[in-house]
Amino acid sequence: MLLFAAILFWINSSLTDSFQSLADGRQRKTAVAAMGSAPSGDDAIEAWLKRISSQNDEFDLIFLRGFPEDEGGMRAFAGTPELEELLGSYEGTRSFAKGLESSMYDEVFQPSDRLTVRGETRRVLFAPAHDGETGDIVGTALFLISSSDFDSFLTLMRGLFILALVIFTAVFAVATYSRDPVTGFIILGLFTIVAIFVAYPLFEAVRLTFVQEGRFSLEIWRSILSQKQYLNALQGSIELGVYTATASTAVGFLFAFVISRTGIRGKRFLSAIATLPVISPPFSLTLSIILLFGNNGLITRQLLQLEGFSIYGLGGLTVVQTMGMFPIAYLTMIGVLEGIDSTLEDAAMNLRATRWETFRTVTLPLSVPGLLSSWLLVFTNSLADFANPLILAGNFRVLSVESYMEVTGMNRLGHGAALSLLLLMPTLSAFLVQRYWVSRRSFVTVTGKPSARLTDLVSPGLKRVLLAAMFVIIAFLLSLYGTIIAGCFVKNWGIDYSFSLSNIREAFERGWRVLLDTLTLAGMATPIAGFLAMIAALVLTRKNFPGKRLLDMLILTPFALPGTLVGISYILAFNKAPLILVGTGAIIVINYVIRELPVGVEAGIVSLRQIDPSIEEAAADLGADVPTIFRTIVLPLVRPAFISSLSYTFVRSMTAVSAVIFLISAKWYHLTVQIYNFSECLRFGLASVLATTLIVIVLLTFGLLHVLVRKNENLAKTVSN
Amino acid sequence: MDIQSKSVTLENVSKVFKDPQSGRDVVAVDGADFTIAPGELVTLLGPSGCGKTTTLRMIAGFELPTTGRIRIDTEDITLLPPNKRDTAMVFQSYGLFPHMNVFDNVAYGLRLRKVPQKELSERVMRYLGMVGLGDLAKRPPSRLSGGQQQRVALARSLIVEPSVLLLDEPLSNLDALLREQMRVEIRRIQKSLGITAAYVTHDRVEAMSLSDRIIVMNGGKIVQIGTPHQVYRDPADAFVAGFIGKVAFFPAAVIGIDEACTVEVRGKTFALPRFSERLRGAERALVMCRPESLTLLPPGEGILDGRVTTNVYLGHSIESFVSTDMGEILVQVDNPDARRVFGEGEAVSISFIPELTKALPEAEA
Ligand SMILES: Nc1ncnc2c1ncn2[C@@H]1O[C@H](COP(=O)(O)OP(=O)(O)O)[C@@H](O)[C@H]1O
Ligand SMILES: [Mg+2]
């Protein structure tokens, strides 16, 4: 270990040295070159000094003509009063004397002294000055060289040195003391990844909100919490969240109730419809809402000729978000309702409760925890939603868009970070309530055997009303999707509804490269996230190590973070040394991986928990090392989870907006942002084409997933033998 | 076959777990110290939770001992990871690879050792034949019966020709008949291969019928190591006596100890040739009697009067259950045709044959 430290120290210091000599070399050359032809007349010297100092701001120069021992003595030309004063205080020092001496012997001398000129730290260099013609030494040039570059380099070196030391220590410790170094390195690697790409950016984001002009300050938070504009956005977000959550829960419950508690046909179809919006890409519903109800919308303008109606704002947003998010509520509620043993309801009716009484006294109370958690889930999602309000908010303000505007419009990253952190508060509290209150109150009675329902819980009349409501919603949803597709083929929506393929041609002409970019980045992130998720899941379920809970938490954290916060914290953390990633494709890939990892890890953990650990132990016992076990045993066994997390990552990466919009560059663009750009310039046809393309890609991916996982169903059943 | 049997030695091995809930320390194994000779089958026997599995898992390398050393032959393997150890374990739940068929399960270890394809299939089939599964090579494990799965697990472990075979309650998931059959088979294969084996069980019949030696554990500690006969006839203490077989204890007063231990039981004096050394200086003792060390006499002639409640006729012997004021006592009457048999309901008196008993110290609190 000591040896390592010694080597590292040597590497560090020799690197520093070589930089120093490099810098020295450069400056010496400049210095010597400059001094090669020093003028001799006083005025000439003054002019010459002026020229030199105006030519560069890397250094200041004091010229010392002659030497103290000379007959005429030494005369200093300082140029400015400040330099003169500086010289006065420096003249008596030993370094100064030594500098003159070196110069006399035609040598350059560089003491370690630091002097301050115009509030800036300077290094000192003495160089001999030669007569242009004779080549005699006529005096000494005292350079005061800007050292900020050099010092920041030193700081960086020191940082890297410490980092390298930490890593080396950790690697060394694992290699020496761990019985299972491979696992040790994996854990170390995971910690490094989450430290750099989860903890560090978040820390930077939080730090920035407390800093103003390089010093600690609460100024940003004060302005965020007092200025009307920001408070409006906070209020807007919450208002929208409450409306959307309530509406979505109602719709979701309606679907879940009808599908699980009444004897209707076509349940599979209804269920498919109710989950469809989960996978619809961002902007698609917003787009069709605008096409139908916008300022030049088919319904509002062409059919109804409404004046003064605007879909932009809270109302339109609530509709769009509800359409997009009620599936979350539906999926939660169907789980809860199917978990309630329907014999309870039969028993209540047997005891002469009417249908309504049964619903009110049995079904509803049992579903309360489920209703609450779906409300909270939708609420959180609505707050974090960025795509819909970006286009549809109009003058209505929400936090996610506001923080984006602060960053991109005003270049106020601190405010943006603070706003998105504010967004985290309701999200986090909803999450905590969900985790610690709702889950504890849940009294779902899972019997495992679905009992055949004998009695409908609703009267035929009411059932018809419920069905009608459902079909209205379904029809609306389907017409929204139909509109996007129609939008692709219409020449100029709102003006000229004739059939045309020109939009498709133009969209692909202009969007082809972006599509390829998006596919490439998502395609790269997918396998990385998939493998990483399974490895992390394996380590988290099967290994014990210090800091396991911390690792678990850090891996899962990005799941709870609003995309805007992630995006902002990434540009904060990675646009400066030591990791300059902004503008590269890598930062986008990393962002995908980190954001989609939690879901994959959770899926992997659930799937691994069902696998008898002795299966892996048997493999180890027969001589398999950790990578071999992973490849030959774990991966085949968690294949369904693995494939789902692959396709999930791919789809989510293809349809990402909120974080990635901060990270794209001219070189690496994203399809969703292109959709946004098209709709901003009111080219809704082009936007529709791209949105439809995304829908097709998403559907294809899930189709493929379905086929691949099907093949595995047998396996899944035998895993927990 | 070409298995190199090796010895296994545990030197003062202990394992302390942190209880995940309470965070308190649990001493699972406390100072285990024994050697398994090459080719020997040793059983770890004890009640559930006494640390048998933990001991086995430390030998396999799945757990790291808190203190102590483990050796195979002379090589110290204490810190070696499982995949670097020359051990093979048969798991209680078998741990078969559900995504591979029987052949691939058994071939797994050989593939890791890069055995050429031809030799590999030849060896797999030979071992499958050995466990009687030659014709099921293509089946997935999910379509095998419990006994067949057990055989696959055994073949999978044996095929890598480990120097030590470890079995953790391998038969506990089988029904009684199959258990007996597999027991015989495991012993046959182990003997024919001459492989060193450690076998964990909580079933004393299994332990008695399989083992060269038995290690009896209780509460993490080893209480006795001996041949089945030794632990049965000459148990170290009352716990071992009770755990190894049916037993009745008669409280006794120690009168003197020389060659034999002279005790007084219910007013009668006996000289017991077998006794625990720990009785020296003690005043009280327990006389341990197996059912076959007890005899039935007419009322008043023995040391404890009672009444026969049930007789179970077994051919070579009769098991008589006698209810007494010390509770119900089982007496085995051997060779019933040659002696007097008391019928159900008859009053009797119980006595014992001193040579077949052992004087043990009273159980410590
Ligand atoms: N991984 C573990 N963590 C904590 N305690 C354990 C662990 N494994 C075993 N124990 C405890 O150690 C003791 C011995 O367990 P075990 O060796 O499995 O007993 P046996 O196999 O004899 O039934 C038990 O009290 C058990 O609860
Ligand atoms: Mg056990």
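**So, the overall build of chain A**
Part 1 of the argument: The number of helices and strands found in chain A is 29 helices and 11 strands.
Part 2 of the argument: Buried positions account for 49% of the 721 residues belonging to chain A.
Part 3 of the argument: Long-range pairs, those at least 24 residues apart, make up 73% of the contacts in chain A between residues at least 6 apart in sequence.
Part 4 of the argument: For chain A, the exposed area adds up to about 33900 Å²; of that, 63% sits on carbon and sulfur atoms.

**Side note on the sheet that holds strand S8 (residues 196-201) of chain B**
Residue and element names in this part refer to chain B.
Part 1 of the argument: The strand order S6-S7-S8-S3-S9-S10 describes an open sheet built from six strands, whose pairing is mixed. The open sheet terminates on both sides in strands that have one partner only, identified here as strand S6 (87-90) and strand S10 (221-226). Pairs of neighbouring strands in the sheet enclose a mean axial angle of 20 degrees, with direction left out of account.
Part 2 of the argument: Note that strand S3 (residues 41-45) and strand S9 (residues 213-218) share four bridges and pair parallel. Residue pairing in the sheet places Thr43 in a bridge with Ile214 of S9.

**Some thoughts on the interface of chain A and chain B**
Part 1 of the argument: Listed per partner, the contact involves 21 residues of chain A and 31 residues of chain B.
Part 2 of the argument: In this assembly, chain A and chain B are joined by one salt bridge.
Part 3 of the argument: In this structure, Arg57 of chain B engages Glu617 of chain A in a salt bridge whose closest nitrogen and oxygen atoms are separated by 2.7 Å.
Part 4 of the argument: Across the contact surface, chain A and chain B share eight residue pairs in polar contact (both at pLDDT 80 or more).
Part 5 of the argument: Those elements giving two or more residues to the side of chain A that touches chain B turn out to be helix H23 (613-621), helix H24 (626-637) and helix H29 (713-718) of chain A.
Part 6 of the argument: Tallying contributions element by element places H23 of chain A first for the side of chain A that touches chain B, with seven residues.
Part 7 of the argument: Here the residues of the side of chain A that touches chain B are counted per class, giving 11 nonpolar, five polar and five charged.

**Some words on the packing of aromatic side chains**
The description of two aromatic rings rests on the distance between their centres and on the angle between their planes.
Part 1 of the argument: All chains considered together, the criterion is met by 26 aromatic pairs over all chains.
Part 2 of the argument: When the centroid spacing of 5.4 Å and the interplanar angle of 45 degrees are considered together, the rings of Phe197 of chain A and Phe574 of chain A count as tilted. A residue pair is termed long-range when its members are at least 10 positions apart, and Phe197 of chain A in helix H6 (residues 181-209) and Phe574 of chain A in the loop between helix H21 (563-573) and strand S10 (575-576) qualify at 377 residues. There is no split in this pair, since Phe197 of chain A and Phe574 of chain A are both buried.
Part 3 of the argument: Taking the centre distance of 5.6 Å and the plane angle of 20 degrees together, the rings of Phe239 of chain B and Phe243 of chain B count as stacked. With a gap of four residues between them, Phe239 of chain B and Phe243 of chain B both fall in helix H8 (residues 238-244), about one helical turn apart.
Part 4 of the argument: Among the aromatic residues, ring-to-ring pairing joins Tyr90, Phe96, Phe109 and Phe126 of chain A into one connected group.
Part 5 of the argument: Seen from the ring of Phe97 of chain B, Arg156 of chain B lies directly overhead, with NZ or CZ sitting 4.6 Å from the centre.
Part 6 of the argument: The ring of Tyr232 of chain B carries Arg290 of chain B above its face, with NZ or CZ at 4.1 Å from the centroid.

**Focus on empty space enclosed by the protein**
Residues and elements named next belong to chain A.
Part 1 of the argument: Following the criterion strictly, the structure yields four cavities of 30 Å³ or more and no others.
Part 2 of the argument: Its volume calculated, the largest cavity comes out at about 60 Å³.
Part 3 of the argument: Phe197, Val198, Pro201, Leu202, Pro558, Leu561, Val566, Ser569, Tyr570 and Ile594 together form the lining of the largest cavity.
Part 4 of the argument: Looking at the lining of the largest cavity, the elements with two or more residues in it are H6 and H21.
Part 5 of the argument: Ranked by residue count, the leading element in the lining of the largest cavity is H6, at four residues.
Part 6 of the argument: Its residues placed into classes, the lining of the largest cavity shows nine nonpolar, one polar and no charged.
Part 7 of the argument: If you count residues domain by domain, the lining of the largest cavity takes at least three from each of domain 2 (154-215) and domain 3 (216-720).

**Some points on the sheet that holds strand S4 (residues 120-130) of chain A**
Residue and element names in this part refer to chain A.
Part 1 of the argument: Spatially, five strands are ordered S2-S1-S5-S4-S3 in an open sheet, and the strand pairing comes out antiparallel. Two strands close off the open sheet at either side, each with one partner strand: strand S2 (75-77) and strand S3 (114-117). The mean angle between the axes of side-by-side strands here comes to 35 degrees, regardless of whether they run parallel or antiparallel.
Part 2 of the argument: Pairing analysis gives three bridges linking strand S1 (residues 59-65) to S2, with the strands arranged antiparallel. Across the sheet, residue Leu64 finds its bridge partner in S2, namely Ala76.
Part 3 of the argument: Sitting on the sheet, helix H3 (residues 81-90) is in contact with S1, S2, S3, S4 and strand S5 (137-146), with an inclination near 155 degrees to S3.

**Notes on the side chain of Thr564 of chain A**
Residue and element names in this part refer to chain A.
Part 1 of the argument: With respect to the helices, strands and loops of the structure, Thr564 is situated in helix H21.
Part 2 of the argument: Overall, the relative accessible area of 0% leaves Thr564 in the buried class.
Part 3 of the argument: Sequence-distant contacts of Thr564, that is, excluding residues within four places in its chain, are made with Phe386, Ser400, Ser403, Ser420, Leu423, Ser658 and Phe662.

**Thoughts on the site of ligand 1**
Residues and elements named next belong to chain B.
Part 1 of the argument: Taken together, the residues surrounding ligand 1 are Phe17, Lys18, Ala28, Ser48, Gly49, Cys50, Gly51, Lys52, Thr53 and Thr54.
Part 2 of the argument: Within the contact set of ligand 1, an oxygen atom lies 3.0 Å away from a backbone nitrogen or oxygen of Gly51.
Part 3 of the argument: Thr53 is positioned with one of its side-chain polar atoms (N or O) 2.5 Å from an oxygen atom of ligand 1.
Part 4 of the argument: Contributions of two or more residues to the shell around ligand 1 are made by strand S1 (8-18) and helix H1 (52-60).
Part 5 of the argument: For the shell around ligand 1, the element with the highest residue contribution is H1, accounting for three residues.
Part 6 of the argument: Of the residues in the shell around ligand 1, the class split is three nonpolar, five polar and two charged.

**Some words on the side chain of Gln224 of chain B**
Part 1 of the argument: Among the secondary structure elements, Gln224 of chain B is positioned in strand S10.
Part 2 of the argument: Of the residues examined, Gln224 of chain B reaches a relative accessible area of 10% and is grouped as buried.

**Concerning a negative patch on the surface**
Part 1 of the argument: A surface patch of negative charge is lined by Glu69, Asp70, Glu71 and Glu101 of chain A.
Part 2 of the argument: Looking at where Glu69 of chain A falls in the secondary structure, it is placed in the loop between S1 and S2.

Calculation rules
- Residues numbered from 1 in each chain as written.
- Chains lettered and ligands numbered in written order.
- Predicted model: local features only at pLDDT ≥ 70, side-chain atom pairs only at ≥ 80, totals over all residues.
- Heavy atoms only, no water.
- Helix = DSSP H or I, 4+ residues; strand = E, 2+ residues; numbered from the N terminus.
- Buried < 20%, exposed > 50% of the residue type's maximum accessible area, 1.4 Å probe, protein only.
- Contact = heavy atoms within 4.5 Å.
- Areas by Shrake-Rupley, 256 points an atom, 1.4 Å probe, with all protein chains shown as cover.
- Pairing = 2+ DSSP bridges.
- Axes fitted to C-alpha atoms, helices over the stretch in contact; angles between N-to-C directions.
- Salt bridge = Lys/Arg side-chain N within 4 Å of Asp/Glu carboxyl O.
- Polar contact = N/O pair within 3.5 Å; in protein donor to acceptor, adjacent residues only side chain to side chain.
- Nonpolar A, V, L, I, M, F, W, Y, C, P; charged D, E, K, R; others polar.
- Phe/Tyr/Trp six-rings, centres within 6.5 Å; stacked < 30°, edge-to-face > 60°.
- Lys NZ or Arg CZ within 6 Å of the ring centre and 35° of its normal.
- 1 Å grid on protein atoms, 1.4 Å probe; cavity = no way out; pocket = protein on both sides within 12 Å on 5 of 7 lines; lining within 4 Å.
- Points joined across faces, edges and corners; volume = space filled by probe spheres on them.
- Domains from an automatic or database assignment.
- Near = heavy atom within 4 Å.
- Patch = residues over 30% accessible without salt bridge, like charges linked within 9 Å, V, L, I, M, F, W, Y side chains within 5 Å.
- Lys, Arg positive; Asp, Glu negative; His and termini not counted.
- Charge placed at Lys NZ, Arg CZ, Asp CG, Glu CD.

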